[in-house]
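For reference, the chains in residue letters:
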Amino acid sequence: MKKTFFLLALTASPFLMMAQDEDAAPVKDTSWKKVYRATSTKINDLVHTKLDVKFDYAKAWMYGKEWLTLKPHFYATDSLTLDAKGMDIKEIAMMKGAAKSPLKYTYDGWQLRINLDKTYKAGENYTIYIDYTSKPNEVKVKGSAAINDAKGLYFINPTGEDKDKPTQIWTQGETEANSVWMPTIDKPNQKTTDEIYMTVPAKYVTLSNGLLISQKKNADGTRTDYWKMDLPHSPYLFFMGVGDFAIIKDSYKGKEVSYYVEKEQAPYARGVFGLTPEMMKFYSDKLGVEYPWQKYNQIVGRDYVSGAMENTTATLHQESAYQNARQLTEGNSWETVICHELFHQWFGDLVTTESWSNITVNESMADYSQTLWMEYKHGKDAGDEENFQGLAQYLSDSNSAKKNLVRFYYSDKEDVFDLVSYQKGGRVLHMLRNYVGDDAFFKSLNNYLNTNKFKNGESDQMRLAFEEVTGQDLSWYWNQWYFGNGHPKLKIDYVYKDGKASVIIEQTQNTGKIFKLPIAIDIYTGAQKVRHNVWVENQIDTFTFSYTQKPDLINVDGDKILLCEKKDNKTAENFIHQMKYAPLFIDRREALQYFAKNNMKELTEGLKDKYAPLREYTINKIVAGKLAKDADVVKAVEALAAIEKNKKTKAAALQFLAATGDSKYLQLFKTNVGDSSYSVAGAALGGLAALEPANAYALAKKYSTDAKGDLSTAVTDIIMSNGTEADFDLVAGSYDKSPLSQEKVGASATFAAYLEKVQNLTNVKKGIDMIMKFRNLVPEQFRGFVDPTIKGGLDKLGKAKGAEIADYIKGEWK
């Protein structure tokens, strides 16, 4: 599962980075800290699941019939317990050939406890028949930071009342929510083959795991599709999707690769998903394990409750995946989500975590797959930037340092889907790859996959796979990073004396824990580099090197792989040399960060960097510092704006120039306001607004019909700031249709300020309703972050409009 961290992408996660864990707020019940979360005991094993389902759109119910084949795991048993959440159970029987024999059972609304017709021995299959009704909207199940809801089966606009939203059905199983729509043993350490017969209105298409075997038209205007998955996978990976989708077909080595999108998105589907076959080849080659399933489909669901989900052969994405041609000029914002979910087809689906405590063997692997792909497809800098972003995300939440990567104690299984299991785990793998080397790293992953394919895995099995390949005892590494918490905080000092350079590395974390860190120290004299491999393993380590000429730079952690916080006490001259000669993305970024902090003109060197995101980073640092008004610096940004090819970097340059308010850039803004990139056009429109506000207002209204991202923000801000009451429908429509995101929080206050100008109180109330609708869509755990901004705007509106509106706001605020 991919948590969209913009925020969210995380989701449902546009606010994920702000999520707090159970230690961040007062906890009434801490008894969970003494409850060991063991792998689920196997009494019976799933063998095969056969489902025949029909959907009641008016009631948002599903009518199901199930034939569930099981066998005792080892010990003989005469009973069976199944997860079945919130269902109406009509019949349970033992199948004897085609005949059914009723069975006794008890049901508490959550689990079925069935008395079998006899005692079955290990290896002896039996098949249970269950007739039931699933009522997902009547089930209340807690979600997580990755998933804001967990009712398993979702009916989207089922009666078609919302004319702007399609009617769809999709499922979301992880962690244990598929048992809302199918009785099963809903644990990750179960595996089963399956076949699903789905009866739907004939105008819709369906998607499920495995292959579509047949389709049968029915006399009542419905159609029954038969999907079959003949390779075993875990119940939480089962999937059903129904809707009016276009199917864009691709292929990989003769296997179907298809993209299910809403029909108006069909022209852009290949632009978003078209790298999938190349990704499949890349991962297959790297792992030495061919893509293991019959086909690979991806589908985009409306109102999806997470970022994306790796259902076996049928990944589900949230609608943020949709991008049009203008958005794609800036790069595919969903590319790392696509590769993340694909990598799960190996790590998560082929080999599945045996328990939620060990989710790292799923999610850390998929998180790190993003670095691998970006490095391969877009170069070393892109891979390093992806890795750096993961590190920064992990370090952004101090509570993360309290948690083990493998977590046997947690309040709820949903709690493990966090910055530790994803981002920290990915960085732990990055260090491991560096330590053992590429050949051993990928050979070890191959070993793990082949040893455990179509079964379950845990962290220790991953360790054993690495130990078998490398011949090393790696318990120290696993104990430190997987079964321990936290990370090192390093203070690095340098002493040059009597022809010797001493590097003093102190671990300053106040945890009583000292980390063992194999690292490289690179010593530069001019362009020449000499590498020394050392081990940091004490609270204070001193490494001394002789020299005949004083080094220009000593670069600790030469490969820039450490998961740590650090205070690196280099001089300005050291960082100047690092910027020029140290080759890595983080080397250059660290130097630029130092230049920015110290207001050094060397910061402008970043404007010439080969990697566009570092050029953009440089501009943003200039904006935030004292150099923004320096004539030479402004001239350098101006020159970049004229030649920059990267759309996001060009937009940053235009925004910088707009902030100067200099009329000499008027023609530059006019030239770029019609750019194909929303970011460039938005930056240019913002610049134009300061110089020719009337012209910008007219253009904002013109562009409002096709405005996304930065252009949408610019258009909305200009119209809200300059608009009249006559613009209400345009302003309100733009606000209401904007996606759930961090940006919409600020836009809510701006919209409230616009409503102060509206005299029609009915429209004012409509606007308030729109703001409250957005606020109420924000998951409760994130409202503490958004409410101050939204309520502040509404309170100001109430004071401006008088008692009637103030009372209306008070009544709506809940």
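What counts, and at which threshold
- Residues numbered from 1 in each chain as written.
- Predicted model: local features only at pLDDT ≥ 70, side-chain atom pairs only at ≥ 80, totals over all residues.
- Heavy atoms only, no water.
- Pairing = 2+ DSSP bridges.
- Helix = DSSP H or I, 4+ residues; strand = E, 2+ residues; numbered from the N terminus.
- Axes fitted to C-alpha atoms, helices over the stretch in contact; angles between N-to-C directions.
- Contact = heavy atoms within 4.5 Å.
- Nonpolar A, V, L, I, M, F, W, Y, C, P; charged D, E, K, R; others polar.
- Phe/Tyr/Trp six-rings, centres within 6.5 Å; stacked < 30°, edge-to-face > 60°.
- Buried < 20%, exposed > 50% of the residue type's maximum accessible area, 1.4 Å probe, protein only.
- Lys NZ or Arg CZ within 6 Å of the ring centre and 35° of its normal.
- Salt bridge = Lys/Arg side-chain N within 4 Å of Asp/Glu carboxyl O.
- Core = buried A, V, L, I, M, F, W, Y, C linked by side-chain atoms within 4.5 Å.
- Expected span 1.5 Å × (residues − 1).
- pLDDT = per-residue confidence, 0-100.

Chemist: What is the right way to read the sheet that holds strand β25 (residues 517–525) from this model?
Modeler: Spatial ordering of the open sheet is given by β26-β25-β28, a layout of three strands whose pairing is antiparallel. Among the strands making up the open sheet, the edge pair consists of β26 (528–536) and β28 (553–556). Averaged over all neighbouring strand pairs, the angle between strand axes comes to 20 degrees, with direction disregarded. Two elements, β25 and β28, share four bridges in a ladder whose sense is antiparallel.

Chemist: Explain the packing of helix α17 (residues 678–691) against helix α18 (residues 693–703) here, please?
Modeler: To characterise two packed helices, one gives the angle between the axes of the helices and the distance between these axes. At a minimum axis separation of 6 Å, α17 and α18 run at an interaxial angle of 140 degrees. Between α17 and α18, the residues in contact are L685, L688, A689 and L691 and P693, N695, A696, L699 and A700, respectively. Split by residue class, the contact of α17 with α18 holds eight nonpolar, one polar and no charged.

Chemist: I would appreciate a short explanation of the packing of aromatic side chains in the present structure.
Modeler: By the definition in use, this model includes 46 aromatic pairs. Ring centres of F282 and Y283 lie 5.2 Å apart, and the angle between their planes is 50 degrees; on these two criteria the pair is classed as tilted. We classify F282 as buried; its relative accessible area is 8%. Plain terms: the ring middles of F441 and F442 are 5.1 Å apart, the flat faces sit at 85 degrees to each other, and that makes the pair edge-to-face. For F442, a relative accessible area of 8% corresponds to the buried category. Feature note: the residues F282, Y283, Y291, Y296, F343, W346, F347, W373, Y376 and Y448 constitute an aromatic cluster, connected by ring pairs. The residue whose ring lies beneath K118 is Y120, and the NZ or CZ to ring-centre distance is 4.9 Å. Against the face of Y496 rests K550, its NZ or CZ located 4.7 Å from the ring centre.

Chemist: How do you make sense of the environment of K96 when you look at a structure like this?
Modeler: Take K96: it is sitting in strand β4 (residues 87–96). Setting aside residues no more than four positions away along its own chain, K96 makes contact with D117 and Y120.

Chemist: Honestly, the sheet that holds strand β3 (residues 77–83) in this entry has me stumped. Any pointers?
Modeler: In a beta sheet, neighbouring strands pair by backbone hydrogen bonds and run either parallel or antiparallel. Pairing within the open sheet is antiparallel, and its three strands lie in the order β3-β7-β6. Across the chains shown, the open sheet's two edge strands, defined by having one partner strand only, are β3 and β6 (105–107). Sheet twist, expressed as the mean angle between neighbouring strand axes with direction ignored, is 20 degrees. Inspection of the sheet shows β6 paired to strand β7 (residues 111–120) by three bridges, in the antiparallel sense. In the strand pairing of β7, Y107 is matched with L112.

Chemist: Help me understand the pairing of strand β2 (residues 61–72), please; the structure alone is not making it clear to me.
Modeler: For a regular strand, side chains alternate in direction, first toward one face of the sheet and then toward the other. Summarising the sheet, strand β1 (residues 44–56) and β2 pair through twelve bridges and their orientation is antiparallel. Residue pairing for β2: F55 is matched across the bridge by M62.

Chemist: Is there a simple way to explain the pattern of salt bridges in this structure?
Modeler: Any two side chains of opposite charge can pair if their charged atoms end up close together. The full count for this structure, using the stated rule, is 48 salt bridges. Its salt-bridge partner being E176, residue K187 comes within 3.2 Å of it at the nearest N-O pair. Taken as a pair, K187 in the loop between β10 (168–171) and β11 (192–201) and E176 in the loop between β10 and β11 lie far apart in primary sequence, eleven residues in all. You can call E176 buried: its relative accessible area is 11%. When the shortest N-O distance is used, the salt bridge between E467 and R463 registers 3.1 Å. Taken together, the positions of E467 and R463, both in helix α9 (residues 459–470) and four residues apart, correspond to about one turn of that helix. We classify E467 as buried; its relative accessible area is 16%. Taking relative accessible area as the criterion, R463 reaches 15% and is therefore assigned buried. One continuous salt-bridge network, built from bridges that share partners, spans D522, K529, R531 and D559.

Chemist: Sorry, what's going on with the nonpolar core here?
Modeler: Nonpolar side chains in soluble globular proteins generally cluster together in the buried interior. Membership of the largest hydrophobic core comes to 165 residues, with the highest contact counts inside it found for W346, F347, L685 and F751. In this structure, L46, M94, W227 and F238 belong to the second largest nonpolar core, which totals 61 residues.

Chemist: Help me understand helix α6 (residues 380–395), please; the structure alone is not making it clear to me.
Modeler: Working note: α-helix, 3.6 residues per turn, so residues spaced by three or four point in the same direction. In this model, α6 (16 residues) spans 23 Å end to end at C-alpha, consistent with the 22 Å of a helix rising 1.5 Å per residue. For α6, the full list of buried residues reads D381, A382, G383, D384, E385, E386, N387, G390, L391, Q393 and Y394. As for α6, its buried residues are in contact with α4 (335–344), α5 (360–378), α7 (420–436), α12 (585–597) and α13 (612–624).

Chemist: What is the right way to read the confidence of the model for the protein chain from this model?
Modeler: Should pLDDT be low for a region, the predicted coordinates there are not to be read in detail. Per-residue confidence for the protein chain averages 94 on the pLDDT scale, and 96% of its residues sit at or above 70. Every residue in residues 5–26 is under pLDDT 50, and counting partners more than four places away or in other chains gives 74 contacts. For the stretch residues 144–148, pLDDT sits under 50, and the model shows 27 contacts to residues farther than four places along the chain or on other chains.

Chemist: So what exactly am I meant to see when it comes to unusual backbone geometry here?
Modeler: Residues other than glycine predominantly adopt negative phi, and peptide bonds predominantly adopt the trans conformation. In the segment running from E174 into T175, the intervening peptide bond is cis, with an omega of 10 degrees. Its location among the elements puts T175 in the loop between β10 and β11. Positive phi outside glycine occurs at D303, with the angle close to 55 degrees. Its place among the elements puts D303 in the loop between β18 (296–301) and β19 (308–309). Classification of D303 as partly exposed rests on a relative accessible area of 36%. Within the chain, D498 stands out as a residue other than glycine whose phi angle is a positive 55 degrees. Summarising the element assignment, D498 is placed in the loop between β23 (489–497) and β24 (500–507).

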